[in-house]
Amino acid sequence: MIFAIEEINKDPALLPNISLGYRILNSCVSPTSDLRAALTLASRPEETEFNSSCPPTISAVIAASGSSQSLAVAGTLGPFQVPVVSYFSTCACLSDRTKYPTFFRTIPSDYFQAKALAALVKHFGWQWIGAIQSDNDYGRNGILSFTKEVKKLGVCVAFGGTISRTYSMDKILDVVEMIKKSTVKVILAFAPESDFYPLMKEVVKQNITGIQWIASEAWITAARLSTPEFYQAFGGTLGFVMQKMAIPKLKPFLTNISPYTDPSAAFVKDFWEIMVGCRPVLPGVHRNTEKMDKICTGNETLMNSQHAFFDVTQLRVTYNVYKAVYAIAHALHQLIFCKPAGEKTAKLCLNMSEIQPKQIMCLSFQVTDHLQRVNFKNQFGDDVFFDENGDPPASYDIINWQLRNGQVQHVTLGHFASAANGDFRLNIQEEKIVWRTGKRVPTSVCSNVCPVGTRRAQIKGKPKCCFDCIPCADGTIANSTDCTPCPQEYWSNERRDECIPKTTEFLTYHEPMGIALAVVSLLGASLSLVTMMVFIHYRETPVIKASNSELSCFLLFSLFLCFLCPLTFMGRPTVWTCMLRHTAFGVTFALCISCVLMKTIVVVTAFKATIPGNKVAGKFGPAQQRIIVCSCTMIQIVICVLWLKLKPPFPDMVFRYSNKKIVLECNTGSEAAFYAVLGYIGILAVVCLVLAFLARKLPDNFNEAKFITFSMLIFCAVWITFIPAYISSPGKFTVAVEIFAILSSAFGLLSSIFAPKCYIILVKPEKNTKKHVMGKKINKK
């Protein structure tokens, strides 16, 4: 500080023709002593007139080294509007302008250090860390800010220990036991070196290794802690410090200090005794009052001293003091000359009489305002300014403890800087870091990352970083924290890490069941055509004539269509196939049963015609037969048209049968229409069955009513059993049941009605005579 003040006094551009003075008091690193010193500085000297309205006698104070001390000083001098500039107090609480309106500092706030430490933790993926704080404002507020930041990143603080240099050994041992019992591998220590030193000694004594330590700026570069003794447990420590700076002109100033040059200079005598190791003989000093017995010869010098004190190439805290002095000087320059330093100053804008001892106390009110507006670039290229909270821009170096040539070195391996928009930039040279736990980055987690296909399950009573891993259920996949259901058309794979499309299921032509049904369908259609050809070829024979050849051909044609109908039920359902399959089924079967019904009516009327005077047979000639068949079929066509018009069938995806597959089927659209089609066919079949049953005992060798009765029994039995089977069958088997019912009833009709005729025509042609057909009637006669 003295060096900076003398340098400013010699600078013609900064406060020209004005000399800065200073008064230095020792705080003894105690809030109580700091408060006493602040009150001393704020009190009036005896020569000051007491009628002044401005109580303080100083323009600014540079204090203090600790946050607790600065809280006391800033709280005391704040009401008097005396600006306080600290060079080492980092507590974020000091940024509160309502409590400390005149507090400034040249070291970044712990708010930024907490962000930097949190960014470091996030960068290396540490999720489970321990925290140790000093029992003062610096430690408590620092850990509080850090905890808030890491919680935003999902990091858990396993424990929090509190230490102090005044604590008993029992309390220190409690913290050591806490460390030993915990599973954390990374611990942050936010404490001054004096408070952390007792814990470090005990950690080394108990040989607690394998922990990656993170240090706050208060102890990361402390010389007393940076020894090979502590390195065995704390080697590889990472931490943040203010940027270092070299002040070349400071070394000549220090080495030229001599008690013989200015015996009355402050601190010089004590400084000389420490550095040289002897007591200078000075006028007015009695030998018996001195503690040091060795007398200096007068030839001693500091010019060639190799003491670390004279190393001015890596100054951190000292540089903060240097910037604090220059900030106050620039504020005073703006106040007195109304222009920033460096600009041409024509004259003073503040009368010299106003800065005489009588009025100097009023200046402090204005210095605070000008200090807030200070913004300049110093001779080292650094911008010096304060934000609205009195904080400087945040900028840190990342330090790593490394052992080189038997000495602990503080190696700079990265940088952290805040931006004006609140963002930050973190750069780390990972490959150069020396880890205490080995060459690899240490891991610190409460629970390992859940394997693929599992999710986190919070353990009751523990932080969210501690969890069990539970397999995801079928149909869900695991993300970072939970199981996410797959979309409806997808299903999870076996590893539960990806949703894959569900397999689609429908009755195809290529599968065994589809091939079998298609073959049977084509076989039935072929048999129908063959039978029709036989009937056409033998249409003049008695058997064919007796069975009404025209109606038989109509019936065979409808059976041919019925056998082809199942082919529309196979393959991927589309809009057209869905509409075709149900309507084609309904119309073809209506035509088929209408033909059978007409044949039954013809049989009955044929035998009634033998009764004398009965003219019923004449009412059912070929024309009437065609009209009745077409009318019965037309009713079904009308039902199907209304069905297609109002609520037609459509292709649908059904998910209820299986979780892993989608059943593609035709939705009937309207259940009422579907059962109306079936119901109409059922009505025709029941009427046909009743008529055929009543005519079964009519006399004739070839009474067709018996065969119609049997065929209708088969038809009704098939479709009665179809309904429960259709409802209960899953997936593509529903379609298979419907096809089976169509083929079974069609084969029943074909075999029951036409097989006996074909047997006589092809196998027993001798029975294909009128005599045989009319045998019973002839015998009766």
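Provided above is the structure to which this section pertains.
Now for a description of the structure that goes with this document. Computed from a prediction, not measured in an experiment: that's the story for all the values here.

1. A closer look at the overall build of the chain
Across its full length, the chain holds 22 helices and 22 strands. Here the chain holds 781 residues, and 48% of them are scored as buried. For the chain, restricting intrachain contacts to residue pairs at least 6 apart in sequence, the fraction spanning at least 24 positions comes to 67%.

2. Concerning unusual backbone geometry
The residue after Ala63, namely Ala64, is reached through a cis peptide bond having omega -5 degrees. One can find Ala64 in the loop between strand 1 (61–62) and helix 3 (67–77). Of note, the phi angle at Asn405 is positive, near 55 degrees, even though the residue is not glycine. With respect to the secondary-structure elements, Asn405 resides in the loop between strand 11 (395–404) and strand 12 (407–418).

3. Description of the state of the cysteines
Using the criterion set out here, one finds 8 disulfides in the structure. Note on cysteine connectivity: Cys450 is disulfide-linked to Cys469, with sulfurs 2.1 Å apart. One quick way to see it: the torsion about the S-S bond of Cys450 and Cys469 is about -90 degrees, and its sign makes the bridge left-handed. A residue pair is termed long-range when its members are at least 10 positions apart, and Cys450 in the loop between strand 13 (424–428) and strand 14 (454–458) and Cys469 in strand 15 (residues 467–471) qualify at 19 residues. The exposure class of Cys469 is partly exposed, given its relative accessible area of 33%. Bridging Cys472 to Cys483, the disulfide has an S-S length of 1.9 Å. Around the S-S axis, the bridge from Cys472 to Cys483 shows a dihedral of about -80 degrees and counts as left-handed. Taken together, the positions of Cys472 in the loop between strand 15 and strand 16 (476–478) and Cys483 in strand 17 (residues 483–485) put the pair 11 residues apart, joining distant regions of the chain. Of the two residues examined, Cys472 and Cys483, each falls in the buried class.

4. Thoughts on the pattern of salt bridges
For the structure on display, the rule yields 17 salt bridges. For Glu149, the salt bridge goes to Lys115, with nearest N and O atoms at 3.4 Å. Linking Glu149 in helix 5 (residues 137–152) with Lys115 in helix 4 (residues 110–123), this pair joins segments that are 34 residues apart in sequence. For Lys115, a relative accessible area of 17% gives the class buried. Here Asp137 makes a salt bridge to Arg140, at a shortest N to O gap of 4.0 Å. You can see Asp137 and its partner Arg140 sitting in helix 5, 3 residues apart, about one turn around the helix. Judged by its relative accessible area of 36%, Arg140 falls in the partly exposed class. Residues joined by salt bridges that share partners form a network here, namely Lys115, Glu149 and Lys152.

5. A word on the environment of Glu704
Counting through the fold element by element, Glu704 comes out in helix 19 (residues 704–728). Residues Glu704 and Val604 lie 100 residues apart in sequence; the distance between their C-alpha atoms is 9.8 Å. Ignoring sequence-local partners within four residues, the contact set of Glu704 consists of Ser547, Lys599, Val603, Ile753 and Lys757.

6. Quick word on the pairing of strand 11
Most of strand 11 sits out of view: 8 of its 10 residues are buried. As defined by bridge partners, strand 11 adjoins strand 12 across 10 bridges and the pair is classed as antiparallel. Opposite Ile398, over in strand 12, you have Gly414 as the bridge partner. Taking the residues between adjacent antiparallel strands as the criterion, strand 11 and strand 12 are bridged by 2 residues, where Asn405 takes a positive phi near 55 degrees.

7. Quick notes on the nonpolar core
Counting residues in each nonpolar core, the largest one holds 68 residues, and the members touching the most others are Leu559, Phe585, Met712, Phe715, Trp719 and Leu749. Elements represented by at least two residues in this core include exactly helix 13 (512–537), helix 15 (549–564), helix 16 (575–608), helix 17 (622–646), helix 18 (671–694), helix 19 and helix 20 (732–763). Considering every element that reaches this core, the biggest residue donor is helix 20, with 14 residues.

8. Considering the packing of helix 17 against helix 18
Running from amino to carboxyl end, helix 17 crosses helix 18 at an angle of 175 degrees, the nearest separation of the two axes being 10 Å. With respect to their mutual orientation, helix 17 and helix 18 come out roughly antiparallel. For the pair helix 17 and helix 18, contact is made by Cys632, Ile635, Gln636, Ile639, Cys640 and Trp643 and by Ala673, Phe674, Ala676, Val677, Tyr680, Ile681 and Leu684, respectively. When grouped by side-chain class, the residues that make up the contact of helix 17 with helix 18 number 12 nonpolar, 1 polar and no charged.

9. Description of the packing of aromatic side chains
Enumeration according to the criterion identifies 37 aromatic pairs in this entry. Each ring, one from Tyr197 and one from Phe230, has its centre 5.7 Å from the other, and the planes form 80 degrees; the classification is edge-to-face. Of this pair, Tyr197 sits in helix 7 (residues 193–205) while Phe230 sits in helix 8 (residues 228–234), and the two are 33 residues apart along the sequence. Of the residues examined, Tyr197 reaches a relative accessible area of 22% and is grouped as partly exposed. Here Phe230 falls in the buried class, since its relative accessible area comes to 1%.

10. Focus: a nonpolar patch on the surface
On the surface, a cluster of nonpolar side chains totalling about 370 Å² of accessible area is made up of Met1, Tyr22, Ile24 and Phe267. Within the secondary structure, Met1 is located in the segment before helix 1 (2–10). With a relative accessible area of 34%, Met1 lands in the partly exposed category.

Procedures and definitions
Residues numbered from 1 in each chain as written. Predicted model: local features only at pLDDT ≥ 70, side-chain atom pairs only at ≥ 80, totals over all residues. Heavy atoms only, no water. Helix = DSSP H or I, 4+ residues; strand = E, 2+ residues; numbered from the N terminus. Buried < 20%, exposed > 50% of the residue type's maximum accessible area, 1.4 Å probe, protein only. Contact = heavy atoms within 4.5 Å. Disulfide = S-S within 2.5 Å. Salt bridge = Lys/Arg side-chain N within 4 Å of Asp/Glu carboxyl O. Pairing = 2+ DSSP bridges. Core = buried A, V, L, I, M, F, W, Y, C linked by side-chain atoms within 4.5 Å. Axes fitted to C-alpha atoms, helices over the stretch in contact; angles between N-to-C directions. Parallel < 35°, antiparallel > 145°, perpendicular 65-115°, else oblique. Nonpolar A, V, L, I, M, F, W, Y, C, P; charged D, E, K, R; others polar. Phe/Tyr/Trp six-rings, centres within 6.5 Å; stacked < 30°, edge-to-face > 60°. Patch = residues over 30% accessible without salt bridge, like charges linked within 9 Å, V, L, I, M, F, W, Y side chains within 5 Å. Areas by Shrake-Rupley, 256 points an atom, 1.4 Å probe, with all protein chains shown as cover.

Coordinates in, geometry out; function isn't part of it.
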